[in-house]
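So you can see what is in the structure, the chains are spelled out below.
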Amino acid sequence: MGLNPFEVAKKQIDIVAKEMGLDPNLTKYLKRVERALIVSIPVVMDDGTLEIYEGYRVHHSTVRGPGKGGIRYSPEVNLDEVKALAIWMTWKCSLLNLPLGGAKGGVCVDPRKLSKRELERLTRRYTSEIINIIGPDIDIPAPDVNTNAQIMSWIMDVYSMQKGRSVPGVVTGKPVEIGGSVGREPATGMGLYYMLEAMCEKLNFNLKSQTIVIQGFGNVGGTIADLLFKEGCKVIAVSDISGGLLYSDGLEIDKLLEWTRQGNTLKDYNDERYKFITNSELLTTECDILIPAALENVITQNNASNLKCKIILEGANGPVTPEADKILYDKGIHVVPDILANGGGVCVSYFEYVQDIRAYFWELDRINKELKKIMLKAFEEVYELSKERKIQLRTAAYIIAVSRIAKAIELRGIFP
Ligand code: GLU
């Protein structure tokens, strides 16, 4: 895709700094990450050869609490991408008013090419390499693109073995059997659903009569597709890495999920009613609601003017570039920004962390109620500010998030 997400993240800071008249010293400060660790991860492969992978863990800001953010495994991962993702976590946690900072990790690897044992060795060694900068009081990783509850279990095990006791609070997104939280896996999708409902209510749209297109069919895209389908909404197109399927009468999401959960891709799905489309065709498909739930920088100045939707709900982190954002605003498309829209994941991660520390676990009902409460509060704050100042939802969300960080820095002062 060519665009550097770290440059995008810094540009977003400039835009909001200008809008809110932020002290230039703070602007300079916020564009830097607190620390970035680059590690080499040697892995003995099943055939006896040695492969060395590169991994990262970045803390952008821990001024409001320990670092928080996922770990992604992807051949596209690099230091600048992880820095950008850490910055976005800072804003996300701040916007939801969670007592957590922003962090992110990643390993440059295509996990689909590894066996399960290789994946486990990679994860255990990566954990051991970053062990000094993670921990319940320091930085708490979680799943992200291509990582899951099993990977979190291995991370927790390595950390616990080093400490000589079980430390479930070192990661979130674990299986419930070892201190995970009920409701964590579908949480990002649940949060997206609450935000979409709230946005439709403001615009007087009836959600059930909207046509919906979703890019990405993993944990985030798959869950929101499933929720919308079960609510009787019309999801007309979805895509995964292999491409997308389009059917204007509405896809049978339950069957597609069954298919992809068996390890298949959408491209190989057989239903003569469905038209196979590319990922770029999917984004410009005519619809009411577009949910990019895959990777960053997919809506750019090259395709933004061709989009034919009314609402964009950002399931992914950083799917829209600042240049595209301007085009979308001029076209009158409402963008529910990533740091608000997809905050459900980290919100329930926070609940998991709290439950682990207290060793007292909540029922699903309480999780979903508290998730909805936190997200709707943030939504109302963002929506009100955007109306009051006649600015995009993203700028409003950033103003709220950055103000809280700026206040914390001001109160604590700069050491020494
Ligand atoms: N990876 C998710 C995100 O980007 C969740 C992070 C977390 O739960 O810490 O928000």
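Source: prediction; values computed, not measured.

Draft legend 1. Looking closely at the packing of aromatic side chains. Here the structure, examined in full by the defined rule, presents 7 aromatic pairs. Relative to Tyr269, the ring of Trp259 has its centre 5.7 Å away and its plane inclined at 75 degrees; by these criteria the two rings are edge-to-face. You can see Trp259 sitting in helix α8 (residues 253-261) and its partner Tyr269 sitting in the loop between α8 and β9 (275-277), a full 10 residues away along the chain. Under the relative-accessibility criterion, Trp259 is labelled partly exposed at 24%. Ring plane angle 20 degrees and centroid distance 6.1 Å describe the contact between Tyr269 and Tyr274, whose orientation is recorded as stacked. Each member of the pair, Tyr269 as well as Tyr274, is classed as buried. Through a chain of ring-to-ring contacts, the aromatic side chains of Tyr247, Trp259, Tyr269 and Tyr274 assemble into a single cluster. The positively charged end of Lys310 is found above the aromatic ring belonging to Phe205, 5.9 Å away from the centroid.

Draft legend 2. Inspection of the sheet that holds strand β10 (residues 289-292) at higher detail. The mixed open sheet is built from 7 strands, whose spatial order is β9-β8-β7-β6-β10-β11-β12. Edge strands, defined here as strands with exactly one partner in the open sheet, are β9 and β12 (334-336). Direction aside, the axes of adjacent strands within the sheet are offset by 20 degrees on average. Both strand β6 (residues 211-215) and strand β7 (residues 234-240) contribute to a ladder of 5 bridges, which runs parallel. Counted as the bridge partner of Ile212 is Val235 from β7.

Draft legend 3. Local environment of the packing of helix α13 (residues 364-389) against helix α14 (residues 393-412). Two elements in contact, α13 and α14, have axes separated by 8 Å at closest approach and are oriented at 115 degrees. When the axis of α13 is compared with that of α14, the two are roughly perpendicular. Like other packed secondary-structure pairs, α13 and α14 cross with a definite hand, here right-handed. Taken together, the residues of α14 that come into contact with α13 (itself represented by Glu381, Val382, Tyr383, Leu385, Ser386 and Arg389) are Leu393, Ala396, Ala397, Ile399, Ile400 and Arg404. When grouped by side-chain class, the residues that make up the contact of α13 with α14 number 8 nonpolar, 1 polar and 3 charged.

Draft legend 4. Looking closely at the site of the ligand. Surrounding the ligand, one finds 14 residues, the nearest of these being Lys68, Lys92, Pro143, Asp144 and Ser349. The side chain of Lys104 places a nitrogen or oxygen atom 3.1 Å from an oxygen atom of the ligand. Between the ligand and the protein, one listed contact pairs a nitrogen atom with a side-chain N or O atom of Asp144 at 2.7 Å. Elements supplying a minimum of two residues to the shell around the ligand: β3 (67-73), α3 (79-95), β5 (139-143) and α12 (344-358).

Draft legend 5. Representation of helix α5 (residues 149-163) within the structure. With 15 residues, α5 extends 21 Å from end C-alpha to end C-alpha; this agrees with the ideal 21 Å at 1.5 Å per step. Burial in α5 covers these residues: Ala149, Ile151, Met152, Ser153, Trp154, Ile155, Met156, Val158, Tyr159 and Ser160. Those residues of α5 that are buried are in contact with β3, α4 (116-130) and β5. Among the residues of α5, the N-terminal cap falls to Asn148, whose side-chain oxygen and the backbone nitrogen of Gln150 are separated by 3.2 Å. Two residues or fewer after α5 comes Gly164, characterised by a positive phi angle close to 80 degrees.

Draft legend 6. Spotlight on the pattern of salt bridges. Scanning all chains against the criterion turns up 33 salt bridges. The partner of Arg35 in a salt bridge is Glu34, and the shortest N-O contact between them spans 3.5 Å. In this structure Glu34 comes out as partly exposed when scored by relative accessible area, which is 31%. For Glu120, the salt bridge identified is with Arg124, shortest N-O distance 2.9 Å.

Draft legend 7. Structural view of the pairing of β10. A two-sided burial pattern is seen for β10, the buried positions comprising Ile289 and Ile291 on one face and Leu290 and Pro292 on the other. The pairing of β6 with β10 spans 4 bridges and is classified as parallel. The residue bridging Gln215 from the neighbouring strand is Pro292, located in β10. The pairing of β10 with strand β11 (residues 311-313) spans 2 bridges and is parallel. Across the sheet, residue Leu290 finds its bridge partner in β11, namely Ile312.

Draft legend 8. Fine view of a nonpolar patch on the surface. Taken together, the side chains of Val44, Leu50 and Ile52 make up a nonpolar region of the molecular surface, amounting to roughly 290 Å² of accessible area. Tracing the chain through its elements places Val44 in strand β1 (residues 35-44). Residue classification places Val44 among the partly exposed positions, given a relative accessible area of 46%.

Draft legend 9. Examining the sheet that holds strand β4 (residues 102-107) more closely. Strand order in the open sheet formed by 5 strands is β1-β2-β4-β3-β5, with mixed pairing between adjacent strands. A single partner strand is all that each edge strand has here, and the edge strands are β1 and β5. The mean inter-strand angle of the sheet, taken between neighbouring strand axes irrespective of direction, is 20 degrees. Direction of pairing for β3 relative to β5: parallel, over a ladder of 5 bridges. Among the inter-strand pairings, Gly70 is bridged to a residue of β5, identified as Ala142.

Draft legend 10. How the structure looks around unusual backbone geometry. Of note, the amide linkage connecting Phe415 to Pro416 takes the cis form, showing an omega dihedral of 5 degrees. If you trace the backbone, Pro416 turns up in the segment after α14. At Asn146, a position not held by glycine, the phi torsion is positive, near 65 degrees. Relative to the helices and strands, Asn146 is located in the loop between β5 and α5. Given a relative accessible area of 45%, Asn146 falls into the partly exposed group.

What counts and how
- Residues numbered from 1 in each chain as written.
- Predicted model: local features only at pLDDT ≥ 70, side-chain atom pairs only at ≥ 80, totals over all residues.
- Heavy atoms only, no water.
- Phe/Tyr/Trp six-rings, centres within 6.5 Å; stacked < 30°, edge-to-face > 60°.
- Helix = DSSP H or I, 4+ residues; strand = E, 2+ residues; numbered from the N terminus.
- Buried < 20%, exposed > 50% of the residue type's maximum accessible area, 1.4 Å probe, protein only.
- Lys NZ or Arg CZ within 6 Å of the ring centre and 35° of its normal.
- Pairing = 2+ DSSP bridges.
- Axes fitted to C-alpha atoms, helices over the stretch in contact; angles between N-to-C directions.
- Parallel < 35°, antiparallel > 145°, perpendicular 65-115°, else oblique.
- Left-handed = near helix turned anticlockwise from the far one by under 90°.
- Contact = heavy atoms within 4.5 Å.
- Nonpolar A, V, L, I, M, F, W, Y, C, P; charged D, E, K, R; others polar.
- Near = heavy atom within 4 Å.
- Polar contact = N/O pair within 3.5 Å; in protein donor to acceptor, adjacent residues only side chain to side chain.
- Expected span 1.5 Å × (residues − 1).
- Salt bridge = Lys/Arg side-chain N within 4 Å of Asp/Glu carboxyl O.
- Patch = residues over 30% accessible without salt bridge, like charges linked within 9 Å, V, L, I, M, F, W, Y side chains within 5 Å.
- Areas by Shrake-Rupley, 256 points an atom, 1.4 Å probe, with all protein chains shown as cover.

As far as function goes, none of this settles anything; it's purely spatial.
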